[in-house]
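# Residue-level structural notes
Read off the chains here:
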Amino acid sequence: DSGVTQTPKHLITATGQRVTLRCSPRSGDLSVYWYQQSLDQGLQFLIQYYNGEERAKGNILERFSAQQFPDLHSELNLSSLELGDSALYFCASSSYPGAAEAFFGQGTRLTVV
Amino acid sequence: TQLLEQSPQFLSIQEGENLTVYCNSSSVFSSLQWYRQEPGEGPVLLVTVVTGGEVKKLKRLTFQFGDARKDSSLHITAAQPGDTGLYLCAGKVVGSGGSNYKLTFGKGTLLTVNP
């Protein structure tokens, strides 16, 4: 158990809909990362937050947004969903933004039908 | 273009065999990690290497960081079925600003160890 909690574990929704994925980091970790994993692209970095502020941005679509709340949990919002958004979404946390290591949650499997 | 190239992409071996998987880049990394991921689960951190030429051992697994900090290898001795999984390397490129915070992953080597 990494200590990172993600909910829900599975999500099935229709195209055009909006969903919210939730992540609670390890106790004491201030930095949260979001990744998308698909078979052809591997693990793709989406965005990172540290203590409530955005620190780094990757290949995140404009239809996607995220935030980190004062209690340090984070949410990833995916809107106007397309079939191609079906993937595993992982949250990871680390103690600070430059930390070498990140600890991953078990992921949310999103299926868009 | 993938920043971290892992090879081979797939590897299927018999129990008891030895194997080596590779992680290569043209960029210099401040640190490099190896993770193992099982189906439906998140990646689990195995090791972090930070010094060029560093070698770390974790039971039957030996990790090496290249002298120039651009590549790494993972060697497994006497593989067991429990070693089956997706092995991912990841690292932070030496740089400045926000890019230094980004942990970049290779696509992984999918290892199957048959009993």
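Our subject is the structure that appears above.
Quick caveat, the model's predicted, so the values are computed rather than measured.

Moving on, we get to the overall build of chain A. For chain A, the helix and strand inventory stands at zero helices and 11 strands. Taken from the N to the C terminus, the helices and strands of chain A come in the order β-β-β-β-β-β-β-β-β-β-β. The C-alpha radius of gyration computed for chain A amounts to 13 Å, which stays within 12% of the reference 13 Å derived for 113 residues, consistent with globular compactness. The dimensions of chain A, computed from C-alpha atoms along their principal axes, are 35 × 30 × 25 Å. Split into buried and exposed, the 113 residues of chain A put 51% on the buried side. Of the contacts made within chain A by residues no fewer than 6 positions apart, 55% connect residues no fewer than 24 positions apart. Of the side chains in chain A, 8 bear a positive and 11 a negative charge, and the two mean positions are spaced by 3 Å.

This paragraph deals with the interface of chain B and chain A. Taken together, the contact pairs 19 residues of chain B with 22 residues of chain A. On inspection of chain B and its partner chain A, the count reaches zero salt bridges. For the interface between chain B and chain A, the tally reads six residue pairs in polar contact (both at pLDDT 80 or more). At the level of elements, strand E4 (29-37), strand E5 (44-49) and strand E9 (85-93) of chain B are the ones that each hand at least two residues to the side of chain B that touches chain A. No other element matches the four residues that E4(B) contributes to the side of chain B that touches chain A.

Here we come to the layout of surface pockets. What the largest pocket holds in volume is close to 650 Å³. Lining the largest pocket we find 27 residues, and of these Gln37(A), Ser38(A), Leu39(A), Gln37(B) and Leu86(B) sit closest to its centre. Mapped by element, the contributors of at least two residues to the lining of the largest pocket are strand E4 (31-38), strand E5 (42-50), strand E9 (87-94) and strand E11 (108-112) of chain A together with E9 and strand E11 (109-114) of chain B. Among the residues making up the lining of the largest pocket, the classes are represented as 10 nonpolar, 12 polar and five charged. Estimates place the volume of the second largest pocket at around 260 Å³. Surrounding the second largest pocket, 13 residues form its lining, Arg36(B), Leu46(B), Leu61(B), Asp83(B) and Tyr87(B) being those nearest its centre. Mapped by element, the contributors of at least two residues to the lining of the second largest pocket are E4 and E5 of chain B. For the lining of the second largest pocket, a count of residues per class yields five nonpolar, two polar and six charged.

This part takes up the nonpolar core. Residues Leu21(A), Trp34(A), Leu76(A), Leu78(A), Tyr89(A) and Leu110(A) are the most contacted members of the largest nonpolar core, which totals 21 residues. Counting residues per element, the ones that place at least two in this core are strand E3 (19-24), E4, E5, strand E7 (64-68), strand E8 (74-78), E9 and E11 of chain A. For Leu21(A), the contacting residues outside a window of four places in its chain are Thr7(A), Leu11(A), Trp34(A), Ser74(A), Glu75(A), Leu76(A), Leu78(A), Tyr89(A) and Thr108(A). If you look at the next biggest cluster of nonpolar residues, it comprises 20 residues, including Val47(B), Val49(B), Tyr87(B) and Leu111(B).

What follows deals with the environment of Phe104(A). The residue Phe104(A) is located in strand E10 (residues 103-104) in this model. Classification of Phe104(A) as buried rests on a relative accessible area of 4%. For the pair Phe104(A) and Cys91(A), spaced 13 residues apart in sequence, the C-alpha separation works out to 5.9 Å. Beyond its immediate stretch of four places on either side in the chain, Phe104(A) contacts Ser2(A), Val4(A), Tyr35(A), Phe90(A), Cys91(A), Ala92(A), Tyr35(B), Pro43(B) and Phe105(B).

Under the definition given, this model contains nine aromatic pairs over all chains. Seen from their ring centres, Tyr35(A) and Phe105(B) are 5.4 Å apart, and the 85° between their planes marks the pair as edge-to-face. Residue Tyr35(A) is found in strand E4, and its partner Phe105(B) is found in strand E10 (residues 104-105); the two belong to separate chains. The same class applies to Tyr35(A) and to Phe105(B), which are both buried. Of the aromatic side chains, those joined through ring pairs into one cluster are Tyr35(A), Phe45(A), Phe90(A), Phe104(A), Tyr35(B) and Phe105(B).

About the criteria used
Residues numbered from 1 in each chain as written. Chains lettered and ligands numbered in written order. Predicted model: local features only at pLDDT ≥ 70, side-chain atom pairs only at ≥ 80, totals over all residues. Heavy atoms only, no water. Helix = DSSP H or I, 4+ residues; strand = E, 2+ residues; numbered from the N terminus. Rg over C-alpha atoms; globule rule 2.2 N^0.38 Å. Buried < 20%, exposed > 50% of the residue type's maximum accessible area, 1.4 Å probe, protein only. Contact = heavy atoms within 4.5 Å. Lys, Arg positive; Asp, Glu negative; His and termini not counted. Charge placed at Lys NZ, Arg CZ, Asp CG, Glu CD. Salt bridge = Lys/Arg side-chain N within 4 Å of Asp/Glu carboxyl O. Polar contact = N/O pair within 3.5 Å; in protein donor to acceptor, adjacent residues only side chain to side chain. 1 Å grid on protein atoms, 1.4 Å probe; cavity = no way out; pocket = protein on both sides within 12 Å on 5 of 7 lines; lining within 4 Å. Points joined across faces, edges and corners; volume = space filled by probe spheres on them. Nonpolar A, V, L, I, M, F, W, Y, C, P; charged D, E, K, R; others polar. Core = buried A, V, L, I, M, F, W, Y, C linked by side-chain atoms within 4.5 Å. Phe/Tyr/Trp six-rings, centres within 6.5 Å; stacked < 30°, edge-to-face > 60°.

On their own, these measurements won't tell you what the molecule is for.
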